[in-house]
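# Survey of secondary and tertiary structure
What follows is each chain in one-letter form.
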Amino acid sequence: MMDVGALRALQTVAALGTLARAADELGFTPSAVSQQIKRLERQVGAPVLAPAGRGVVLTPAGRAVVDAAPAVFQALERCTEAGRSVARGAPRGTLRVVAFSTAIRGLVAPVVPQLSRQCPDLRLEVTEQDPDPALRSVEAGAADLAVVHDADGLPASLPESLTGRHLMTDVGDVVVHRGHRLAALDRPVTAADLTGDAWVTSPPGSVCHQWFRRLVADVPGEPDVRHRVDDFATQLALVASGEVVALVPRLARPPLADDLVAVPLARPPRREVHAAWRRSADTSPAIRAALAELTPDPAHAHAQYRSGQHPA
């Protein structure tokens, strides 16, 4: 009989391209992953990997095994979840959640106490991952539930083995010192209102930096960016100095000090936040319990989307 752990190792190597990266993803040493692959090759009766530069590629036999692997894992997961459902559906065991940083801060962390009270036999493990790696982790079985956001307005494209649910819409506000002229404005802020301001922004390459560039695109001249800081609490500390303003997503925003004000934008940047999990785990009591807490609006509790489709 084929070793399921070795099959998982091969699937992860195929997704990441090297034994070392697969070992890091799975929490093993490269030597252990190599031994698993060799064991699988003995069971298959043919090589499943071949060297390719500094990495490896699948052989035709390896590709055939990897292509058949999702059906194997889904069948095993359905078997497990059937047993859990019979056991009164009580969430138990370990639920591995992967999520981007601001979702952990603003969405996952606030529901942990309630989830712990309602499900005392459930152990929650949370790991920070960007959306694409998070979806790969869930697809490969290294995680159970991912919280992801869309990419610059484009919905996350899910593999066929995953399904998902819309959780919320996150928008950005401009945060200013209470003495700033925008703090007293009695209407949403437009791009023209931002002329002459100095900024603290997220570093280039981040989603929030893309938000910032679009926000100031219609402001004459090059924006005066004084500071580039990834941590939003640090951004707010700099805003409190009164010298700069910041564009901060609501999901990422810690409670504001008394000397700070968040002012809404006339055309705020936004991103959609989704949860994703394997279709074969649809009946998982643990995933259902987590989703019930993570969905702020009960009206969306059953709104799901399939691979590549935007949620309703």
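Here goes a summary of the coordinates provided. Bear in mind the structure is a predicted one, so any value in this text is a computation, not a measurement. (Residues numbered from 1 in each chain as written. Predicted model: local features only at pLDDT ≥ 70, side-chain atom pairs only at ≥ 80, totals over all residues. Heavy atoms only, no water.)

### Some thoughts on the nonpolar core
The line we're drawing: We call a set of buried residues a nonpolar core when its members are Ala, Val, Leu, Ile, Met, Phe, Trp, Tyr or Cys and they connect through side-chain atoms within 4.5 Å of each other. For each residue, the accessible area found with a 1.4 Å probe, counting protein chains only, is set against the maximum for its type, and the residue is called buried under 20%, exposed over 50%, and partly exposed in between. Each helix corresponds to a stretch of at least 4 residues labelled H or I by DSSP, and each strand to a stretch of at least 2 residues labelled E; elements are numbered beginning at the N terminus. By the convention used here, residues are in contact when the closest approach between their heavy atoms is within 4.5 Å.
Grouped together as the largest cluster of nonpolar side chains are 26 residues, with contacts concentrated most on Leu-107, Leu-145, Val-147, Val-273 and Leu-294. Elements with a minimum of two residues in this core: strand 3 (93-99), helix 5 (101-108), strand 5 (145-149), strand 6 (162-177), strand 11 (270-278) and helix 10 (285-294). It is helix 10 that provides the largest number of residues to this core, a total of six residues. Leaving out residues up to four positions away in the same chain, Leu-145 has contacts with Arg-96, Val-97, Val-98, Val-138, Ala-275, Ala-276, Trp-277, Ile-287, Ala-290, Leu-291 and Leu-294.

### Quick look at the packing of helix 1 (residues 4-16) against helix 3 (residues 30-44)
Note the following rule: Axes here mean lines fitted to C-alpha atoms, for a helix over just the part in contact, with angles spanning 0 to 180 degrees between N-to-C directions. Orientation labels follow simple angle bins: below 35 degrees gives roughly parallel, above 145 gives roughly antiparallel, 65 to 115 gives roughly perpendicular, and whatever is left gives oblique. A clockwise turn of the near helix away from the far one marks a right-handed crossing, whereas an anticlockwise turn of less than a right angle marks a left-handed crossing. Any residue that is not Ala, Val, Leu, Ile, Met, Phe, Trp, Tyr, Cys, Pro, Asp, Glu, Lys or Arg is counted as polar, Gly included; the first ten are nonpolar and the last four charged.
Following both chains from N to C, one finds helix 1 and helix 3 inclined at 110°, their axes separated by 8 Å at the closest point. If you check the angle between helix 1 and helix 3, you find them roughly perpendicular. Where helix 1 crosses over helix 3, the two elements pack in a sense that is left-handed. Contacts from Gly-5, Ala-6, Leu-7, Ala-9, Leu-10 and Val-13 in helix 1 reach Val-33, Gln-36, Ile-37 and Leu-40 in helix 3. Considering only residue class, the contact of helix 1 with helix 3 consists of eight nonpolar, two polar and no charged.

### Quick look at the pattern of salt bridges
Note on pairing: side chains with opposite charge can pair once their charged atoms come close. Put simply, the test is: By definition, a salt bridge exists where a carboxyl oxygen of Asp or Glu is found within 4 Å of a side-chain nitrogen of Lys or Arg.
One pass over the structure, following the stated rule, counts 14 salt bridges. Of the charged contacts, one joins Asp-197 and Arg-181 as a salt bridge, the two residues approaching to 3.0 Å between their closest N and O atoms. Within this pair, whereas Asp-197 is found in the loop between strand 6 and strand 7 (198-201), its partner Arg-181 is found in the loop between strand 6 and strand 7, the two being separated by 16 residues in sequence. Relative accessible area serves as the criterion here: at 9%, Asp-197 is assigned to the buried category.

### Let's talk about the packing of helix 1 against helix 2 (residues 19-26)
Two numbers describe how helix 1 lies on helix 2: the axes approach to 8 Å, and their chain directions differ by 120°. The pairing of helix 1 with helix 2 is recorded here as oblique in orientation. Viewed along their axes, helix 1 and helix 2 form a crossing whose handedness is right-handed. Residues Arg-8, Ala-9, Thr-12, Val-13 and Leu-16 of helix 1 form the contact with helix 2, whose own contacting residues are Leu-19, Arg-21, Ala-22, Glu-25 and Leu-26. Grouping the constituent residues of the contact of helix 1 with helix 2 by class yields six nonpolar, one polar and three charged.

### Side note on helix 10
Along an α-helix, residues three or four positions apart point the same way, because every turn accommodates 3.6 residues. Taken across its ten residues, helix 10 has seven buried, putting it largely inside the fold. Residues Pro-285, Ala-286, Ile-287, Ala-289, Ala-290, Leu-291 and Leu-294 constitute the buried set of helix 10.

### Quick notes on a nonpolar patch on the surface
Rules: Residues enter patches when their relative accessible area tops 30% and they take part in no salt bridge; the joining distance is 9 Å for like charges and 5 Å for the nonpolar side chains Val, Leu, Ile, Met, Phe, Trp and Tyr. Accessible areas in this description were obtained via Shrake-Rupley with a 1.4 Å probe; residue shielding takes into account the shown protein chains only.
Taken together, Val-4, Val-72 and Leu-76 make up a surface patch of nonpolar side chains, about 210 Å² in accessible area. Using a relative accessible area of 35% as the deciding quantity, one classes Val-72 as partly exposed.

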